[in-house]
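Coordinate inspection notes
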Amino acid sequence: MAEPAVRLVGRDEQLDVFDGVLSRLLDGGGYSVLIRGEPGIGKSALLEAGLDRLAAATAGGNAVAIRSGSCSELSQHIPYAVLFEAIDVNMRSPERGPADSTREPARSGGRAELISMADPVAAGAERVLGLVDELCTRLPVVIAVDDLQWMDEPGMRVWQRLSQLTDQLPLALIGTCRLVPQRPEIGRLGRLLQSGPPDRRGVVIDLDRLGSDAAARIAAQEFGRVPGPRLAAKIAEAGGNPLYIRELLAILHRSSAVRILGGFAELREGTTGFHGPAGPKGCSTNVFTYPADVSASVVAGAHSLADALADRIGSLPSTTRLLLESAAILGDEFSVSDLAHITGRPAGALLEPLDQARLGGVIEPVGSRFRFRHDLLRQALYSSLPTPIRAALHQDAALALATKGAPIDQVTAQLLAALQIDSSASGIDTGILAWLARNSDALARRSPQVAATLLEQALAAATGIEIAIAGGALDSTVIESLQAGLSSAAFLLARHDQTERLAREVLAQTKDPELAARTTWHLAYTLMRTGRPDEARACVRKALAVPGTPPHWTARLTVLNAMTIVTSGQVRPSHAVSRHALRTARTAQDPMALAYAYHAEALCHEARRDLDAAMRAQREGLDAAGNDPDLTDIKLLLMSNLASSMHADDHLEEGARVLSEARMLAETIETPRRGALAIQAAELAFELGRWDDALAEIESISDVPDLTHEARRLGLEGLIAAHRDDQATLDTHLTALADDRIPSAMARNGATWLLLLRSLAAERAGNPPEAIEALTDTMNLDSQDFTVRFTWMPRLVRLGLTIGRSEIAHQAAAVAEHEARMHPTPRKRVWASWCHGLLESDLDRLREAADYIRASQRPLYLADCLEDAAATAAATGDLTDARSTLTEAISIYAGLQATFDIRRATARLRPYNVRLGVRGNRSRPQTGWDALTATELKIATLVARGESNSEIAAGLYLSRRTVECHVTHILRKLDADCRGHVVRHMPADLWREEIAHGQAP
């Protein structure tokens, strides 16, 4: 007789939380629920009942997509395994059911390029976030995951991030977890949910043990009568744990120890208690062991629940128990086909024992698969196996699944489980070694860390002098392929020493020209990353001399050789080499070689200050790269450089658009360039006068632990704070930067904002000499480190004149003139003219400079130039012109909220009695619709239209993360707890404007 369906008892209050979840979703908001408790307390049952309630409530027309999955101990090292299971990647329909996880699996065989710097694990996070955002555009979404304590670490980070986004998306996250093992990430999630009002962010449900009334109702479900006194006392021994109660009742039922007496179910006379089973086959329960949290958390005796579960298993025939032990190796769920492969038995021969296990309440069908009715049952079977046997069975299962052609993740999980039990490399089958050799690149694409772990162990087994390898002879190319695969994984992990060592070993022995060429690319790139371009060049040239190299790799290595020369700063030989590389790439018609060749060509043009030619090469490189995902990294580099060229050529808006496209692309692969692109976008936004947007860009990479750009971030944030008289933020950032030193010529460009910040901070403190000193090094004409130093020269001229240091003023003007003469761009000529206008009190020059800067859309520079023009006009006696010019400057400063600059400008003109009718600057409110910046108001309007963050990002050429930051600011300023509230509280004038344009939702 099959086990009856479990009905939830004693959890009405907790079930009501799911009603609140639905209300929140239908209101346009999200919610996060974390259900915690000991094993058997009913977490999964509550989750299942809650999802059933949601499904029933939405069946009448309020469509909600319900997606669910379950973590398992076996797959805890596979990134995003459960999240991809839970999310319907195709998003075809909102109905509840098993997710159709059609993510592209890593394919067996073949060689991927693996030349990008992109992090595939981090890219997976962005893919999950993007899929969830896309699904939420269609309808509200519930994602439920059981047993979060086994979720992989990257998946747990994504779960936490999604929890933080529930105020922006119609998304409910519901997860369950045991109290043991304790995961710090789950602890942080619990604190996050408990940090805010429970009606806004989420709630933590800690499941307590059931009371006697609820326990009696469970007994009534089993026997159809309420329990009598003796049975009630027996049930009390279960300590209110629902699973233990049901297992105890099942034992009593199987042993006919309960009879119906009157209106009660009562223990028969002579039944004194339960002391552990000795099943019908004489099965001893002492072979079953359980996790620490079972014996520690159940009140009714250290092994009572364990004994109860063991009794259920012990009641099965021995052949069934043996089969279930093999099934336990496969995890919580398994297919009959997989079980047949690892046991070597026909599927038909498994049907009878599996049916006995089902009738015995140990397993249950779920779709086309079976699963253990509770993980503790699987754990009991699994733990009954001696440790060496478990490790061997995982190895055997991996080989059987690999032979079957199972997905790579499934084979990987078995291998990792074996290594967890026995970290030694002994006994690895040659079939597994060959499988790892064939699939090393696919593993690295999925998770470089996992690939490195497995390949290191495989190499230890394959190359050990006295290690016995089962399964026959080892093909001579396997070790070579394992080394090459591990080198690829190390390259992706930026393990430079390991990459170099393995690559040199492969190159010393391989006879495969293509493998040699690809390995040379990894080695040379690593040498360049570690500051050894000469070694990289020698390595590439040696590879180019090898006969038989495929034409496309010859072209790629020729281009790489050119890059080693171009980046060395040798302008004349660089141009000749880059042109040769470009011809070779064109002959080979290889997109990768072409993209890198055009990049090298653009670098040569930049070195010669030919921006037009550089931009042409960058655009041609982008055309060559096309949409090939393997070329995304070089495509991002080309886009970043193109945006910089456009910036230098005064095409700021066009450059901003290219940069935004690059940032959106970077989020699809997750690359170390993401941080650099965000900083570049912030710097461009600062120059365009969109300071709040610049801060949002920086905030969007708060999760990127990239110290390379820390000085740029702190410097830019501090600079905005200094202009806005935000002393607290300024002090914090100056302190953080106090010990920073400009480490090298390569890093000095990153110190641009730091130097300017120190100068501005000194000026604010009333110390002009120190403000000059902060920028003194930039006036060295021989220095090539400060490519934008010409923009600081008008500041130095003004400061020098202010304190009577005319030699400083003349030196700064000479630097500006030198820059304009060496690289005669319109912008540099204008800045040189600005300096001379200040020196010579030439108002016409200053006005011409202001006109150019106004057209180039640089508000801060425009206001600075107008301030200088106003001071010059006042000094020459034209007070009317001075007043009107100062008024324009102050208006621009006010729009930037640059209160310090307003104070400085008004103080400079005060001696001439030039005063404005309205003084100071009305600061923007901190809350309400008037508190929103222009970008925030635009995004709020799009939110009101019902657009998702991804749609808004695409429409405004922003990254999705930047939009998320803006939406967070909008909700905080409007005191709104979800996007729906933005719609309901939108001002009438904005609604009228939306209706007029036919955009109202």
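Structure first, text after, so check above.
Overview of the structure. None of these values were measured; they are calculated from a predicted model.

Criteria and cut-off values
- Residues numbered from 1 in each chain as written.
- Predicted model: local features only at pLDDT ≥ 70, side-chain atom pairs only at ≥ 80, totals over all residues.
- Heavy atoms only, no water.
- Helix = DSSP H or I, 4+ residues; strand = E, 2+ residues; numbered from the N terminus.
- Buried < 20%, exposed > 50% of the residue type's maximum accessible area, 1.4 Å probe, protein only.
- Contact = heavy atoms within 4.5 Å.
- Areas by Shrake-Rupley, 256 points an atom, 1.4 Å probe, with all protein chains shown as cover.
- Expected span 1.5 Å × (residues − 1).
- Polar contact = N/O pair within 3.5 Å; in protein donor to acceptor, adjacent residues only side chain to side chain.
- Pairing = 2+ DSSP bridges.
- Axes fitted to C-alpha atoms, helices over the stretch in contact; angles between N-to-C directions.
- Phe/Tyr/Trp six-rings, centres within 6.5 Å; stacked < 30°, edge-to-face > 60°.
- Lys NZ or Arg CZ within 6 Å of the ring centre and 35° of its normal.
- Parallel < 35°, antiparallel > 145°, perpendicular 65-115°, else oblique.
- Nonpolar A, V, L, I, M, F, W, Y, C, P; charged D, E, K, R; others polar.
- Left-handed = near helix turned anticlockwise from the far one by under 90°.
- Right-handed = clockwise from strand over helix to strand, strands pointing away.
- Salt bridge = Lys/Arg side-chain N within 4 Å of Asp/Glu carboxyl O.
- Core = buried A, V, L, I, M, F, W, Y, C linked by side-chain atoms within 4.5 Å.

Re the overall build of the chain
Across its full length, the chain holds 48 helices and eleven strands. Burial status across the chain gives 55% buried among its 1001 residues. At a minimum sequence separation of 6, the contacts of the chain that also span at least 24 residues come to 70%. Working note: accessible area of the chain is about 41,400 Å², and carbon and sulfur atoms make up 52% of it.

Observations regarding helix α9 (residues 242-254)
The terminal C-alpha atoms of α9 lie 18 Å apart, and with 13 residues this matches the ideal 18 Å at 1.5 Å per residue to within 8%. For α9, a buried count of ten out of 13 residues is recorded, marking the element as mostly surrounded by other parts of the structure. Every buried residue of α9 is accounted for by Pro242, Leu243, Tyr244, Ile245, Glu247, Leu248, Leu249, Ala250, Ile251 and Leu252. Its side-chain oxygen placed 3.2 Å from the backbone nitrogen of Leu243, Asn241 serves as the N-cap of α9. The first or second residue beyond α9 is Ser256, which carries a positive phi of 55°.

Considerations on the sheet that holds strand β3 (residues 141-146)
With parallel pairing, five strands are arranged side by side in an open sheet as β2-β3-β4-β1-β5. The open sheet is flanked by β2 (65-70) and β5 (202-206), the only strands paired with a single partner. The average angle at which neighbouring strand axes cross in this sheet is 10°, direction not considered. Relative to strand β4 (residues 171-178), strand β1 (residues 31-37) is paired through seven bridges, and the arrangement is parallel. Bridging across to β4, Ser32 finds its partner in Leu173.

As for the packing of aromatic side chains
Scanning all chains against the criterion turns up eleven aromatic pairs. Judged by centre distance (6.1 Å) and plane angle (25°), the ring pair of Phe334 and Phe370 falls under stacked. Here Phe334 is found in strand β9 (residues 333-334), whereas its partner Phe370 is found in strand β11 (residues 369-372), with 36 residues between them in sequence. Overall, the relative accessible area of 1% leaves Phe334 in the buried class. Residue classification places Phe370 among the buried positions, given a relative accessible area of 16%. One aromatic cluster is present, built from ring pairs that chain together Phe491, Trp521, Tyr525, Trp553 and Tyr596. Taking the ring centre of Tyr382 as reference, the NZ or CZ of Arg378 above it sits at 5.1 Å. Looking at Arg529, its charged tip hangs above the ring of Phe491, at a distance of 4.3 Å from the centre.

Some remarks on the packing of helix α44 (residues 934-944) against helix α46 (residues 960-974)
Between α44 and α46, whose axes approach to 10 Å, the crossing angle comes to 90°. Classified by the interaxial angle, the pair formed by α44 and α46 is roughly perpendicular. Here Thr935, Glu936, Ile939, Ala940 and Val943 of α44 lie close against α46, whose contacting residues are His966, Val967, His969, Ile970 and Lys973. Classifying every residue of the contact of α44 with α46 by side-chain character gives five nonpolar, three polar and two charged.

Focus: the packing of helix α42 (residues 879-896) against helix α43 (residues 899-909)
One way to put it is that α42 packs onto α43 with a least axis distance of 9 Å and a crossing angle of 165°. Relative to α43, α42 is oriented roughly antiparallel. Crossing geometry of α42 relative to α43 is assigned as left-handed. Residues Ala882, Leu886, Ile890, Tyr893 and Ala894 of α42 form the contact with α43, whose participating residues are Asp901, Ile902, Arg904, Ala905, Thr906 and Leu909.

Describing the pairing of β3
Across the six residues of β3, six count as buried, placing the element largely inside the fold. Along β3, one buried face is formed by Val141, Ile143 and Val145 and the opposite face, lined by Val142, Ala144 and Asp146, is buried too. In this structure, β2 lies alongside β3, joined through six bridges in parallel fashion. Residue Gly69 lies in a different strand from β3, and its bridge partner there is Val145. Relative to β4, β3 runs parallel, the two sharing five bridges. Paired with Val141 across the bridge in β4 is Leu171. This β-α-β element, β3 to helix α5 (residues 153-164) to β4, shows right-handed connectivity.

Digging into the pattern of salt bridges
Across all of its chains, the model carries 60 salt bridges by this definition. Residues Lys404 and Asp338 are paired through a salt bridge, measuring 2.2 Å at the closest nitrogen-oxygen approach. Residue Lys404 is located in helix α16 (residues 387-404), and its partner Asp338 is located in helix α13 (residues 336-343); the two are separated by 66 residues in the primary sequence. Across the salt bridge formed by Arg847 and Asp881, the nearest N and O atoms sit 2.7 Å from each other. Linking Arg847 in helix α40 (residues 843-855) with Asp881 in helix α42, this pair joins segments that are 34 residues apart in sequence. Of the residues examined, Arg847 reaches a relative accessible area of 34% and is grouped as partly exposed. Linked by salt bridges that have partners in common, Asp864, Glu867, Asp868, Asp901, Arg904 and Arg908 make up one network.

Thoughts on the environment of Gly675
With respect to the element layout, Gly675 can be found in helix α30 (residues 673-687). Considering only alpha carbons, one finds Gly675 and Asp703, 28 residues apart in sequence, at a separation of 9.4 Å.

Topic: the nonpolar core
With 90 residues, the main nonpolar core has Leu436 and Leu482 as its most contacted residues. Considering every element that reaches this core, the biggest residue donor is helix α19 (residues 448-463), with nine residues. Every residue in contact with Leu482, bar those within four places of it in the chain, is listed here: Leu433, Leu436, Ala437, Leu455, Ala458, Leu459 and Ala462. Residues Leu760, Ile772, Leu796 and Leu799 belong to the second largest nonpolar core, which totals 78 residues.

Re unusual backbone geometry
Here Asp725, not a glycine, exhibits a phi torsion of approximately 60°, which is positive. Note on Asp725: relative accessible area 26%, which makes it partly exposed. The backbone phi angle of Gln857 is positive, close to 65°, even though this residue is not glycine. Among the structural elements, Gln857 can be located in the loop between α40 and α41 (859-875).

Brief notes about the environment of Gly10
Structurally, Gly10 can be placed in the segment before α1 (12-26). Residue Gly10 is classed as partly exposed on the basis of its relative accessible area, which comes to 31%. Note: C-alpha distance between Gly10 and Ala215 (205 residues apart in sequence) is 8.3 Å.

Re the pairing of strand β7 (residues 258-261)
With four bridges connecting them, β7 and strand β8 (residues 264-267) associate as antiparallel partners. Bridging across to β8, Val258 finds its partner in Leu267. Turn length for the β7-β8 hairpin, with the two strands adjacent in sequence and antiparallel, is two residues, and the turn residue Gly262 shows positive phi of about 65°.

Thoughts on the environment of Glu964
Residue placement: Glu964 occurs in helix α46. The buried category is assigned to Glu964, whose relative accessible area is 4%. Linking Glu964 and Ile952, residues twelve residues apart in sequence, is a C-alpha distance of 9.8 Å. Once you skip the residues sitting within four places of it in the chain, Glu964 turns out to touch Arg161, Leu165, Gln168 and Asn949.

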